[in-house]
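Here is what each chain is made of, one letter per residue.
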Amino acid sequence: MKRIFETSVAGRAFGAAALSVALLSGANGAGAAEIKIGVLYPISGGGAIYGGPAMQGHDLAVDEINAAGGVLGMKFVTAARDSKLNPAAAAAAAKELITKEGVNVLLGGLASSVGLAISEVARQEGVIYIATIPKTIKLTTTKLHPYVFRTASNTDFEGDAMAQIVKKVDGKKLCDIQLDYAYGHDLGDGIAKALPKHAPNANIVIKLRPKLGATDFNAYITQIMGSGCDTVVSGLWGNHFVNFAKQAAPFGFFGNHVYITGGEIASHEVASKLAGDYPDNVWSNTYELWYHSPTDAHKKFQARLAKKADTEATAMWPVLAYNGVMLYKAAVEKAGSTDADKVSKALEGLTIDTPMGKLTMDAKSHQANTGQFWGPMKKVAGKPYRVMDPITFVPPPE
Amino acid sequence: MQGKYKATFWLSVVLVALLLLVPALGSKYLVDLTTEIMIYALFALSLNVLIGYSGNISFGHAAYFAIGGYACAIFLTTYEWPLIISMPAAIVLAGLAAAFVGYFCIRLTDIYFSMLTLAFGMLVWAVAFKWRGVTGGDDGFVGVAVPEFIGDRYAFFYFTLTVVALSTGLLWLICHSAFGRTLVAVRENRMRASFVGVDTRRLRLTAFVVAGTFAGIAGSLFAMYNRGVYVESAFWTESGQVLIMTLLGGLYSFFGPALGAAVLYTLQVGINQYTEYWPVVLGTILLIIIMFLPNGLVGLAQKISAQFSRRT
């Protein structure tokens, strides 16, 4: 009798496994009348501060395209997954979006490590990937392939702008604190490359590399304070900077150092979160500001976004996700097809109008000519939190 | 061959035959999912040698999975070695690492053994995280140069099926040999086993090496399948996940952990498509296993079968 049990148990085990697999096997490929977009932003954990707003911009673009009749007679449909700031999880989700959902394109990513992982899946599967936020220079240099394109800025552009600010504030002894992953390392390299050009008298005296996702910066703060540097160059973004600023303030940190960062902490997301705790002597960057419209197109975009988000003070990341969708739409229109090879060719050299002005995708590097606003963060009467003042647009270097 | 072994053998043949038919269903997704499940099944089976057969709970088993993965990726890509050398070398390296760690761990028992495996596991993670020039650090080792003959998803599926089937067969032989039987005796009563002349330390070390080696095989398959290895593969959460797979399937059954891997991984993939709250589901599953299913799904099936046969 025992033998019968054992064989039947094994049989049931195999049966259950087969059934579970069968239940999940139905492929929901893109239908004939739709173009399916796979989107990967972090919508949980520490990255959600940027991923959530990015999804708003993505949805706004899709709504506008569909309201105008779609592309080539097809509607845009979104399949979104949580990239979790985790390259392994993002790669698995990207693969699932392609093989199960049958998406025509991948958009998004936030952390550079996640961008590299999604790009590798796009390369394997022959699907277009437009990196709307990841900035590691590797994506468009050593890891470049025909299917990857970037609408975000990159670490070399940012490093160059930061070196110009080092010159402006007359920084001599620099402390370099970056997160220990692709973006942090590449931004550190970008700054080091640009310093001899813009601020040859400045020297990096210490390099610190906290982990991506770190929340305790006390050990790094004391090392910086003990190193005697006058300027800090950094890429701490989102909650990393929020925690860093709150922990550093009691030491009088920001009274003794000029803090220059490429972590977009001038954005609404971070500035509003820190509000009264936002420190002095910070120079930062942002792609977009709700309180500054350089073009009429931006004014209209911001009004639509404000309506969708139900707040006048809108976030910065939506414009990046919005531009990514609009670039893909233009490429499909130009190619007259969703075929990845044809869209890839169409993307090379393509120029579109965006809320921030003309955006051109370089045919060789697959990098868009995306500049950023840079400036010091100041208290201004009538504004709910610190704002950038003066605002200077820094175009990408030639 | 004894009757029950004959039945297991034929059921395994049927399962392999069914798996061979998966690509014919025409779903790339199903092929990918099955490949992933087979890899995790082998990973869970390897852990069960240590937990189910020798009674040693490891919290750091992901270390050997990661070593196998990183080593295979580095040999194939950085050194451009052929697969026939890269994969065996990676497996041997995982086995050697297990021998080194096991040498220290088997000197301890119970919670102390478990905590030491966790410590070594996190050491491997720290090396992978900080040795950026070799492993890629937090970005992972992306772009593994997989040989062309298994570059296609279908070819890789058959390759994985072959490797996993052979490895499972080998593990089955090991677990059902005199060595495996003696391991069970050590698990049941270590002192009594040593009184009858069993060198329990040597036996536990061998089990540690066997488990680490087969985890290395699973890791090298994982690296090639993903064309990348990430530092999370060595993190304690990965060790926790494979432990839950083993518990879910059933510790005291040879095939139980494979079933646990299939069910847990399928649930994880399915639930992640609809919500970001997978950790909540995972916690609930663990709660249910601990409170109601101490012998896992296989134990539950056995209980139901027993009740059913009593009625008939």
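What you see as residue numbers is a count from 1 along each chain, following the sequence as written. Throughout, the order in which chains and ligands are written sets their labels, letters from A for the former and numbers from 1 for the latter. Since the coordinates come from a predicted model, pLDDT governs what is reported: local features require at least 70, and pairs of side-chain atoms require 80 or more to be given and counted, while whole-chain, interface and lining totals use all residues. Each side-chain value is derived from all of the structure's non-hydrogen atoms; neither hydrogens nor water enter the calculation.

(A) How the structure looks around the overall build of chain A. Every helix listed is a DSSP run of H or I at least four residues long, and every strand listed is a run of E at least two residues long, numbered separately from the N terminus. Scanning chain A from terminus to terminus reveals 13 helices and 15 strands. Against the globule reference of 21 Å for 398 residues, chain A gives a C-alpha radius of gyration of 23 Å, in line with a compact fold. Taken along its principal axes, the extent of the C-alpha atoms in chain A is 75 × 60 × 40 Å. Taking all 398 residues of chain A together, 60% fall into the buried category. The contact definition used throughout considers only heavy atoms, calling two residues in contact when any of these lie within 4.5 Å. Looking at chain A alone, contacts between residues at least 24 apart form 68% of all its contacts between residues at least 6 apart. Of the roughly 14300 Å² that chain A leaves accessible, carbon and sulfur atoms contribute 53%. Charge separation in chain A, taken as the distance between the mean sites of 40 positive and 36 negative side-chain charges, equals 2 Å. Using C-alpha atoms as the atom set, the radius of gyration is obtained and then compared with a globule rule of 2.2 Å times the number of residues to the power 0.38. Under the scheme applied here, a residue whose accessible area is under 20% of the maximum for its type counts as buried, over 50% as exposed, and between as partly exposed, the area being computed with a 1.4 Å probe on protein chains only. Shrake-Rupley sampling with a 1.4 Å probe provides the accessible areas, and residues are treated as covered by the protein chains on show and by no other component. We score Asp and Glu as negative and Lys and Arg as positive, and we do not count His or the chain ends. Here the site of a charge means NZ on Lys, CZ on Arg, CG on Asp, or CD on Glu.

(B) Structural view of the sheet that holds strand E4 (residues 128-131) of chain A. Residues and elements named next belong to chain A. By this definition, two strands are paired if DSSP reports at least two bridges between them. Read from one edge to the other, the open sheet built from 5 strands follows the order E2-E1-E3-E4-E5, with strand pairing classed as parallel. Strands with a single pairing partner mark the edges of an open sheet, and in this sheet they are strand E2 (75-82) and strand E5 (148-150). If you compare each strand with its neighbour and ignore which way they point, the axes differ by 25° on average. Bridge count between strand E1 (residues 34-41) and E2: 8 bridges; the pairing is parallel. If you follow Glu34 over to E2, its bridge partner there is Lys75. The convention used is that axes are lines fitted to C-alpha atoms, helices contributing only their stretch in contact, and that angles between N-to-C directions extend from 0 to 180 degrees. Against the sheet, helix H3 (residues 87-99) makes contact with E1, E2 and strand E3 (105-108), and its axis sits at roughly 170° relative to E1, the strand it touches most.

(C) Main features of the domain arrangement of chain A. Residues and elements named next belong to chain A. Domain annotation for chain A reports domain 1 (34-153 + 296-367) and domain 2 (156-286 + 373-394). Reported domain spans reflect what an automatic or database domain assignment gives. For domain 1 versus domain 2, the separation of C-alpha centres amounts to 27 Å. Taken together, the 23 residues of domain 1 in the interface contact 22 residues of domain 2. Taken over both partners, the interface formed by domain 1 and domain 2 buries close to 1800 Å², and the fraction arising from carbon and sulfur atoms is 66%. Considering only the side of domain 1, the residues that lose the most area to domain 2 are Ile49, Tyr50 and Lys135, jointly responsible for 31% of the buried surface there. The term salt bridge refers to a pairing of a side-chain nitrogen on Lys or Arg with a carboxyl oxygen on Asp or Glu at a separation within 4 Å. Inspection of the region where domain 1 meets domain 2 yields 3 salt bridges. Summed over both partners, the accessible area lost on bringing two parts together, with a 1.4 Å probe, is the buried area.

(D) Broad picture of the pattern of salt bridges. Applying the stated criterion across every chain, the model contains 24 salt bridges over all chains. Measuring nitrogen to oxygen at the nearest pair gives 2.8 Å for the salt bridge that ties Lys130 of chain B to Asp180 of chain A. In this pair, Lys130 of chain B sits in helix H5 (residues 110-130) while Asp180 of chain A sits in the loop between strand E6 (173-177) and helix H6 (182-198), so the two residues belong to two different chains. Between Arg386 of chain A and Asp280 of chain A there is a salt bridge, and its shortest N-O distance comes to 2.6 Å. Residue Arg386 of chain A is located in the loop between strand E13 (372-378) and strand E14 (387-388), and its partner Asp280 of chain A is located in the loop between helix H10 (268-274) and strand E10 (282-286); the two are separated by 106 residues in the primary sequence. Taken together, the salt bridges that share partners define one network made up of Lys36, Arg81, Glu96 and Glu101 of chain A.

(E) Region of interest: the packing of helix H8 (residues 178-188) of chain B against helix H10 (residues 200-226) of chain B. All names here are of chain B. With their axes 10 Å apart at the nearest point, H8 and H10 run at an angle of 115° to one another. Like other packed secondary-structure pairs, H8 and H10 cross with a definite hand, here left-handed. Note on element contacts: H10 touches H8 through Thr200, Leu203, Arg204, Thr206 and Ala207, opposite Phe179, Thr182, Leu183 and Val186. Grouping the amino acids of the contact of H8 with H10 by side-chain chemistry returns 5 nonpolar, 3 polar and 1 charged. Should the near helix be turned anticlockwise from the far one by less than a right angle, the crossing is termed left-handed; should it be turned clockwise, right-handed. Each residue is assigned to one of three groups, with Ala, Val, Leu, Ile, Met, Phe, Trp, Tyr, Cys and Pro labelled nonpolar, Asp, Glu, Lys and Arg labelled charged, and all others, Gly among them, labelled polar.

(F) Spotlight on the packing of helix H11 (residues 236-249) of chain B against helix H13 (residues 278-292) of chain B. Residues and elements named next belong to chain B. Remark: H11 packs on H13, axes separated minimally by 10 Å, with the N-to-C direction vectors making an angle of 40°. Judged on the interaxial angle alone, H13 and H11 are oblique. By crossing handedness, the relation of H11 to H13 is classed as left-handed. The segment H11 lies against H13, with Gln241, Ile244, Leu247 and Leu248 engaging Trp278, Leu282, Ile285, Leu286 and Ile289. Looking at side-chain class alone, the contact of H11 with H13 contains 8 nonpolar, 1 polar and no charged residues. Here the angle decides the label: under 35 degrees means roughly parallel, over 145 means roughly antiparallel, 65 to 115 means roughly perpendicular, and every other value means oblique.

(G) Broad picture of the pairing of E3 of chain A. Residues and elements named next belong to chain A. Inspection of the sheet shows E1 paired to E3 by 4 bridges, in the parallel sense. Bridge pairing links Leu40 to Gly108 in E3. With 4 bridges connecting them, E3 and E4 associate as parallel partners. Each bridged residue has a counterpart across the sheet, and for Gly108 the counterpart in E4 is Ala131.

(H) Examining the environment of Phe255 of chain B more closely. Residues and elements named next belong to chain B. Along the chain, Phe255 turns up in the loop between H11 and helix H12 (256-272). Here the alpha-carbon distance between Phe255 and Tyr112, two residues 143 residues apart in the chain, equals 28 Å. When sequence neighbours within four positions are dropped, the list of residues in contact with Phe255 reads Thr8, Ser12, Leu45, Thr168 and Trp172.

(I) Inspection of the confidence of the model for chain A at higher detail. In the predicted model, chain A carries a mean pLDDT of 89, and the fraction of residues at 70 or more is 92%. Values of pLDDT, which run from 0 to 100, indicate the predictor's confidence residue by residue. Confidence over residues 1-27 of chain A falls short of pLDDT 50; this stretch has 39 contacts with residues more than four positions distant or in other chains.

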